[in-house]
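Residue-level structural notes
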Amino acid sequence: MDKFEPRKVASVFPKRRQDMFRWDGWGYKDCKFVYRDGYMTFVGNRYSICGQKLDNFRDWVVDMFKIDLSKINPAAEPPTEFPDPLCNKAFMVGISEAGIDYSEDGMDRTMRCHGQTLTDVESLRKHKYKRIPDIVVWPTCHDHVVQIVELANAHDVALIPVGGNTSVSLASTTPTIYDRTIAVVDMTQMNRLMWVSEENLTACFEVGIVGQDIERELGKLGFTLGHEPDSHEFSTLGGWIATRASGMKKNRYGNIEDIVVRVKMVTAKGVLEKQFTAPRVSIGPDFDHMIFGSEGTYGIVTEAVVKIRYAPEVRRYQSLVFSDFDTGVHFLREVAEQQLQPPSMRLIDNIQFKCGVLLDPAARWYTGIVEGLKYFYLTKVCGFDMDRIVAVTLLFEGDAKAVAHHEQEVYAIAKKYGGIKGGEHNGKKGYMLTFVVAYIRVSVASGVVFFLMVF
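What you see is a predicted model; the values in this text were computed from it and never measured.

Spatially, the four strands line up as an open sheet ordered β15-β16-β14-β17, and their pairing is antiparallel. Edge strands, defined here as strands with exactly one partner in the open sheet, are β15 (344-348) and β17 (420-421). Note: strand β14 (residues 314-322) against β17, two bridges, orientation antiparallel. Note that in β17 the partner of Val321 across the bridge is Ile420. Here helix α11 (residues 325-337) sits on the sheet and contacts β14, β15 and β16 (390-398); the angle it forms with β15, its principal contact strand, is near 160 degrees.

If you want it as structure tokens, here you go:
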């Protein structure tokens with residue numbers, strides 16, 4: 001296993017992102033909420049709710065936000081005119097001579113001028129960007145990045161490294177500077193699995209690799225990274241390092257700074273890289289910890305050595321229902337105090353609960369509680385108020401025996417706080433809907449903020 005040739009990964013990201021991803025918001029362009037002829041559906045074929053009628057969700061949105069769905073904002077039109085690029089001819093010549101692919105196409109530049117804050121989305125839809133990158137460059141190896149940085153230094157070009165452009169900190173939003181050429185360094189074509197060490201349970205990746213691609217490739221070898229931020233489908237390893245990312249399964253696998261063992265970074269003064277892969281040393285400052293969360297300000301990370309684990313034998317989902325939010329918090333606190341946290345444990349408040357369960361076409365969670373567990377029992381015997389109840393979604397991983405014991409311990413604590421099991425289906429659905437709810441974007445109309453944009 002330790003003898004390993006670098007392996008190019010088939011990336012989810014094409015160079016022309018606009019062919020696959022939305023230009024004006026989150027996610028795949030073929031997946032979206034649609035309201036037509038009185039029915040609401042989520043179109044596409046990538047998620048479990050695709051193609052299903054979401055009438056329960058439609059009714060909840062109308063009631064919750066007092067929206068008249070007959071008066072829908074028209075879809076935003078893609079821009080057809082773009083700010084002229086500020087061309088630095090010497091830089092362009094150097095990029096061409098180095099054999100590095102680049103583009104000055106307006107839509108290529110627009111697709112990489114932003115993150116995913118609500119400010120970014122509004123600016124895109126209203127064509128408010130007066131400054132976008134002047135050029136997009138696609139390095140395919142570490143040496144390319146070295147050459148790009150050297151050329152930028154020599155010709156006073158500003159560089160912005162990007163991965164999936166899922167940032168919510170405005171770090172990837174083009175700054176309004178007009179006296180320098182701005183080049184976006186799109187890292188997504190640098191996505192090779194460089195090597196895997198089964199003996200040390202480590203692997204080395206180029207950091208342009210996307211989260212879902214990491215798990216797919218490691219899964220083929222019987223391993224997992226275990227890092228799943230909400231943006232897991234589209235964000236990259238380099239982005240996780242740059243933003244000091246946390247994931248849904250951090251209780252088991254840690255945050256990104258716990259997973260990454262070593263990074264290689266190209267700076268204006270040269271390449272920084274530790275000459276060992278030991279998980280910890282006791283001498284000297286560790287520059288890696290300056291890189292986590294640095295948002296690309298110190299340089300461009302090109303490769304990272306990460307800890308990997310054997311893929312779990314068992315992966316089991318569950319859900320628990322509690323009478324109110326405070327009770328749910330007390331449950332989570334005791335689980336944490338006893339150090340019994342499962343890999344993922346999320347408390348969902350009443351509004352999120354209703355929103356999430358009604359995104360299930362059958363609304364099984366809600367109807368299962370009301371009908372299967374008996375509405376009378378919940379409201380009269382347990383004293384639950386259906387407008388106050390909350391849920392906790394759980395994910396257990398490991399070998400079968402350990403998972404079974406872990407579940408028993410957690411459920412015993414839940415019982416102390418009056419928690420009722422909501423079922424494995426609902427736990428899995430709640431976990432997976434994390435990736436769907438990101439498509440529910442905020443629309444601003446008549447000064448009122450709504451949590452739904454329909455087209």
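Back to the text.
Moving on, we come to the sheet that holds strand β8 (residues 202-206). Spatially, β7-β8-β12-β10-β11 is the arrangement adopted by the five strands of the open sheet, whose pairing is antiparallel. Two strands in the sheet have a free side with no partner beyond their single neighbour: β7 (193-197) and β11 (270-273). Sheet twist, expressed as the average angle between the axes of neighbouring strands with direction ignored, equals 10 degrees. Bridging between strand β10 (residues 260-267) and strand β12 (residues 300-307) involves six bridges; their strand directions are antiparallel. Bridge pairing in β12 links Lys264 to Glu303. Helix-sheet contacts for helix α5 (residues 142-155) involve β10, β11 and β12, and the interaxial angle to β10 is about 40 degrees.

Let us now look at the state of the cysteines. Applying the stated criterion to the full structure yields zero disulfides. Cysteine Cys50 remains unbridged, with the sulfur of Cys31 as its closest cysteine sulfur at 4.6 Å. The exposure class of Cys50 is buried, given its relative accessible area of 12%. Cysteine Cys141 shares no disulfide, and the gap to the nearest cysteine sulfur, in Cys204, comes to 14 Å.

Calculation notes
The residue count restarts for each chain, going from 1 along the sequence in the order it is written. Reporting of local features is limited, given that this is a predicted model, to residues whose pLDDT is at least 70; pairs of side-chain atoms are given and counted only at 80 or more, and all residues count toward the totals for whole chains, interfaces and linings. With hydrogens and water stripped out, all remaining heavy atoms of the structure feed into the side-chain values. The pairing criterion is simple: DSSP has to find at least two bridges between the two strands. Going along the chain from the N terminus, every DSSP run of H or I of four or more residues is numbered as a helix, and every run of E of two or more is numbered as a strand. Here, two residues are considered to be in contact whenever any of their heavy atoms come within 4.5 Å of each other. Lines are fitted to the C-alpha atoms to define the axes, a helix being fitted only along its stretch in contact, and any angle between axes, read from their N-to-C directions, falls within 0 to 180 degrees. The disulfide criterion used throughout: a pair of cysteine sulfur atoms within 2.5 Å. A 1.4 Å probe rolled over the protein chains alone gives each residue an accessible area, and that area as a share of the maximum for its type sets the label: buried under 20%, exposed over 50%, partly exposed in between.

Distances and angles like these do not, on their own, reveal function.
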